[in-house]
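Read off the chains here:
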Amino acid sequence: MEFFENLEKGVYRKGLFDEDAKRWAQELRNEGQGQDKLKSSQFRNYFHEFRRLEDAFERYKREAGGDEALAWSRLTSQIELLRAKLAYGGRSNGGPLQKLPKFREKMDELLSDAKTSPKHFAVVMLFLEAVLAYFYGLEGERGGEAAPRSPERPAQGRRY
């Protein structure tokens, strides 16, 4: 996926965090039927794995005395490991993501892009956060209107 209008200057492509993120969220929200639909908790678990990688990168930089190249070389193996976990989740003998090929494909694409460079990793984090926000925004919508809330569960802000 192309994230940058200008990589050297760190200028993100227009439409990335609104149009593209919203489209991705809609595609993920529409995947599967009934029990086989992507659950918010499944998506959130992978988002948290990305966040864990982000925290690890900062920790690696501190441990390396600010040497970003050394920290990055340590992080790329962690990104590869998360790609392996994603593949394992899609295994054909009962993996929790078995019936969610679009989700696996999109997460794998993001992990592949994230591995390109620290700048790519940072924009992937922002993009994934936007997709997750739109995904939650679509949750419960019926025909363009939000689903009614039960009286015992008042509206609250979401925590990712």
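Nothing here was measured: the structure is a model prediction, and the numbers come from that model.

(A) Fine view of the overall build of the chain. Secondary structure assignment for the chain yields five helices and four strands. Each helix (α) and strand (β) of the chain, taken in turn from the N terminus, gives the series β-β-α-α-α-α-α-β-β. The buried share of the chain, reckoned over its 160 residues, is 35%. Pairs at least 24 residues apart make up 65% of the contacts formed inside the chain by residues separated by at least 6 positions. By element, 48% of the accessible surface of the chain is carried by carbon and sulfur atoms, the whole surface being about 9,400 Å².

(B) Geometry of the packing of aromatic side chains. Under the definition given, this model contains nine aromatic pairs. Ring plane angle 70 degrees and centroid distance 5.7 Å describe the contact between F43 and F103, whose orientation is recorded as edge-to-face. Of this pair, F43 sits in helix 2 (residues 40-63) while F103 sits in helix 4 (residues 101-114); the two residues are 60 residues apart in sequence, bridging distant segments of the chain. Residue F43 shares its accessibility class with F103, and that shared class is buried. Plain terms: the ring middles of W72 and F121 are 6.2 Å apart, the flat faces sit at 65 degrees to each other, and that makes the pair edge-to-face. With W72 in helix 3 (residues 68-89) and F121 in helix 5 (residues 118-138), this residue pair connects regions lying 49 residues apart in the sequence. Note on accessibility: W72 and F121 belong to one class, buried.

(C) Fine view of the pattern of salt bridges. Tallied over the entire structure, the rule returns 16 salt bridges. With a shortest N-O distance of 3.9 Å, E49 and K85 are connected by a salt bridge. Placement of E49 in helix 2 and of K85 in helix 3 is noted, with a sequence separation of 36 residues between them. You can call K85 partly exposed: its relative accessible area is 37%. Across the pair R51 and E129 runs a salt bridge whose closest N-O atoms are separated by 2.9 Å. On the criterion of sequence distance, the pair formed by R51 in helix 2 and E129 in helix 5 is long-range, its members being 78 residues apart. Accessibility expressed as a relative area gives 24% for R51, which makes it partly exposed. We classify E129 as partly exposed; its relative accessible area is 31%.

(D) Structural context of the nonpolar core. Core analysis: the largest hydrophobic core is formed by 41 residues, its most contacted members being F43, F50, L75, F103, M107 and L110. Elements represented by at least two residues in this core include exactly helix 1 (16-30), helix 2, helix 3, helix 4 and helix 5. The leading source of residues in this core is helix 5, at twelve residues. If sequence neighbours within four positions are ignored, F43 has contacts with L28, L38, F103, M107, L128, V131, L132 and F135.

(E) Spatial organisation of helix 3. Look at helix 3: 31 Å from first C-alpha to last across 22 residues, which is about the 32 Å you get at 1.5 Å a residue. Along helix 3, the residues classified as buried are A71, W72, L75, T76, I79, L82, L86 and G89. Looking at the buried side of helix 3, the elements it contacts are helix 2, helix 4 and helix 5. Where helix 3 starts, the residue carrying a side-chain oxygen 3.2 Å from the main-chain nitrogen of A69 turns out to be D67.

(F) Quick look at helix 4. Between its terminal C-alpha atoms helix 4 stretches 20 Å, which fits the 20 Å expected from 14 residues at 1.5 Å a residue. Those residues of helix 4 not exposed but buried are F103, K106, M107, L110, L111, D113 and A114. Along the long axis of helix 4, the arc covered by the buried residues comes to 165 degrees, so they all point the same way. Contacts made by the buried residues of helix 4 are with helix 1, helix 2, helix 3 and helix 5.

Conventions used here
- Residues numbered from 1 in each chain as written.
- Predicted model: local features only at pLDDT ≥ 70, side-chain atom pairs only at ≥ 80, totals over all residues.
- Heavy atoms only, no water.
- Helix = DSSP H or I, 4+ residues; strand = E, 2+ residues; numbered from the N terminus.
- Buried < 20%, exposed > 50% of the residue type's maximum accessible area, 1.4 Å probe, protein only.
- Contact = heavy atoms within 4.5 Å.
- Areas by Shrake-Rupley, 256 points an atom, 1.4 Å probe, with all protein chains shown as cover.
- Phe/Tyr/Trp six-rings, centres within 6.5 Å; stacked < 30°, edge-to-face > 60°.
- Salt bridge = Lys/Arg side-chain N within 4 Å of Asp/Glu carboxyl O.
- Core = buried A, V, L, I, M, F, W, Y, C linked by side-chain atoms within 4.5 Å.
- Expected span 1.5 Å × (residues − 1).
- Polar contact = N/O pair within 3.5 Å; in protein donor to acceptor, adjacent residues only side chain to side chain.
- Arc of directions from axis to C-beta.

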